[in-house]
Amino acid sequence: MQFSGIPKSLGATVNHFRLRIDQSWEPDWEEFERAVNPKTRLVYVSNPNNPSGSVLSLEAMQRMVRRCEQVGAYLLTDEVYLGAEIACPRTPTFWGMSDRVIVTSGLSKAYGIPGVRIGWIVGPAAVVAECWSQHDYITIGPNKISDAVARVAVRPENREKLYARTRSILQHNLPLMRQWAAGFAGFLTFREPQAGALCLMRYQSPTPSFELCERIRVNPSVLIVPGAHLGLEGYIRVWLGGKPEFLSEGLRRIGVELNAGIRRLNG
Ligand SMILES: Cc1ncc(COP(=O)(O)O)c(C=O)c1O
């Protein structure tokens, strides 16, 4: 939400394009080309994606890059989930595909170290210099302990160990999620994520997603994200990470509330 909210607060006009579930989570290219037009300065895309857990094909990546070059826009690619692939090969980076590409990432997701609050940007030197100056102006500097942890984490040998840890958690938890969703006899359906720790599920009820998630937050005290906050009414987003016993207990609690909702709906 911040990626459209912040530019809007600075007076920018924000156009949206959507990854389409009915098109294997690729954009509708006509919609994409309408959104990315000669007035566009910056295009943002998250790959692997939050909330769908999808990964763009190489052709889709190239098409986005070509369009940005054609209209003279920068392409800001958020690759914070790169390395958290569950069953597919490592996601290719946009970095190096064009001098219009800017990549951001950080330790919060695939590295599994959100607490240190360290991330980075890779881009054309002039863009990075400008961002660096803004960053220094706003934050002065990073926490020195976080900085030391980050320096160890990003060493190539440690990075691969951390990615492997994340993948093994996700590979272990995804079958738990699959089994749990199947227990609702068609009430919940989901396209399994290719990468990342998020499961987007469709539910069969006219109850608005915010109302449903609010009930789940207040009654069994579990926080999940309403699809309405992601432009996807009729969906919920459930987290897949964490210790299996913690996940199972969270899912059990959500299940109690969903079953009560289904009973209310049927009766
Ligand atoms: C796509 C994406 N980028 C960035 C972030 C934020 O990462 P950080 O915790 O490093 O600020 C999130 C967090 O949910 C995310 O989903």
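The preceding data block contains the structure.
Small disclaimer: the values here were computed from a predicted structure and weren't measured.

**Student:** What's the story with the overall build of the chain in this structure? I'm lost.
**Tutor:** Looking only at helices and strands, one finds eight helices and 10 strands in the chain. For the chain, the C-alpha radius of gyration of 20 Å lies close to 18 Å, the compact-globule estimate for 267 residues. Counting only C-alpha atoms, the chain reaches 60 × 45 × 35 Å along its principal axes. Sorting the 267 residues of the chain into buried and exposed places 43% on the buried side. Taking as baseline every contact in the chain between residues at least 6 positions apart, the subset at least 24 positions apart corresponds to 66%. For the chain, the separation between the mean place of its 31 positive charges and that of its 24 negative charges on side chains is 4 Å.

**Student:** Whenever I open this one, the environment of Leu 230 confuses me. Can you help?
**Tutor:** On the secondary structure map, Leu 230 appears in the loop between strand S9 (225-226) and strand S10 (235-239). The spatial distance from the C-alpha of Leu 230 to the C-alpha of Thr 139 is 29 Å, given a sequence separation of 91 residues. Residues within four places of Leu 230 in sequence aside, it is in contact with Arg 18, Pro 51, Leu 200, Val 225 and Arg 237.

**Student:** Hey, could you run me through the sheet that holds strand S6 (residues 119-122) in this one?
**Tutor:** In a beta sheet, neighbouring strands pair by backbone hydrogen bonds and run either parallel or antiparallel. The strand order across the open sheet formed by four strands is S3-S4-S5-S6, and the pairing between neighbours is mixed. In this open sheet, the two edge strands, each paired with only one partner strand, are strand S3 (42-46) and S6. Shown here is a sheet whose adjacent strand axes are inclined to one another by a mean of 20°, direction ignored. Sheet analysis places strand S5 (residues 101-106) next to S6, joined by four bridges and oriented antiparallel. Its bridge partner lying in S6, Thr 104 is registered against Ile 121.

**Student:** What is the right way to look at the nonpolar core in this model?
**Tutor:** Generally speaking, nonpolar side chains in soluble globular proteins are found buried as a group. By size, the foremost hydrophobic cluster in this structure holds 39 residues, and its most contacted members are Met 177, Trp 180, Leu 188, Met 201, Ile 236, Ile 254 and Leu 258. Contributing elements (two or more residues each) for this core: helix H5 (144-153), helix H6 (156-182), strand S7 (188-190), strand S8 (198-203), helix H7 (209-218), S10 and helix H8 (244-266). For this core, the element with the most residues is H6, which contributes seven residues. Mapping this core onto the domain boundaries places at least three of its residues in each of domain 1 (2-157) and domain 2 (167-266). Setting aside anything within four residues of it in sequence, one finds Ile 254 in contact with Trp 180, Ile 216, Val 222, Ile 224 and Val 238. If you look at the next biggest cluster of nonpolar residues, it comprises 23 residues, including Val 65, Cys 68, Val 71 and Leu 75.

Reading the values: rules and limits
- Residues numbered from 1 in each chain as written.
- Predicted model: local features only at pLDDT ≥ 70, side-chain atom pairs only at ≥ 80, totals over all residues.
- Heavy atoms only, no water.
- Helix = DSSP H or I, 4+ residues; strand = E, 2+ residues; numbered from the N terminus.
- Rg over C-alpha atoms; globule rule 2.2 N^0.38 Å.
- Buried < 20%, exposed > 50% of the residue type's maximum accessible area, 1.4 Å probe, protein only.
- Contact = heavy atoms within 4.5 Å.
- Lys, Arg positive; Asp, Glu negative; His and termini not counted.
- Charge placed at Lys NZ, Arg CZ, Asp CG, Glu CD.
- Pairing = 2+ DSSP bridges.
- Axes fitted to C-alpha atoms, helices over the stretch in contact; angles between N-to-C directions.
- Core = buried A, V, L, I, M, F, W, Y, C linked by side-chain atoms within 4.5 Å.
- Domains from an automatic or database assignment.

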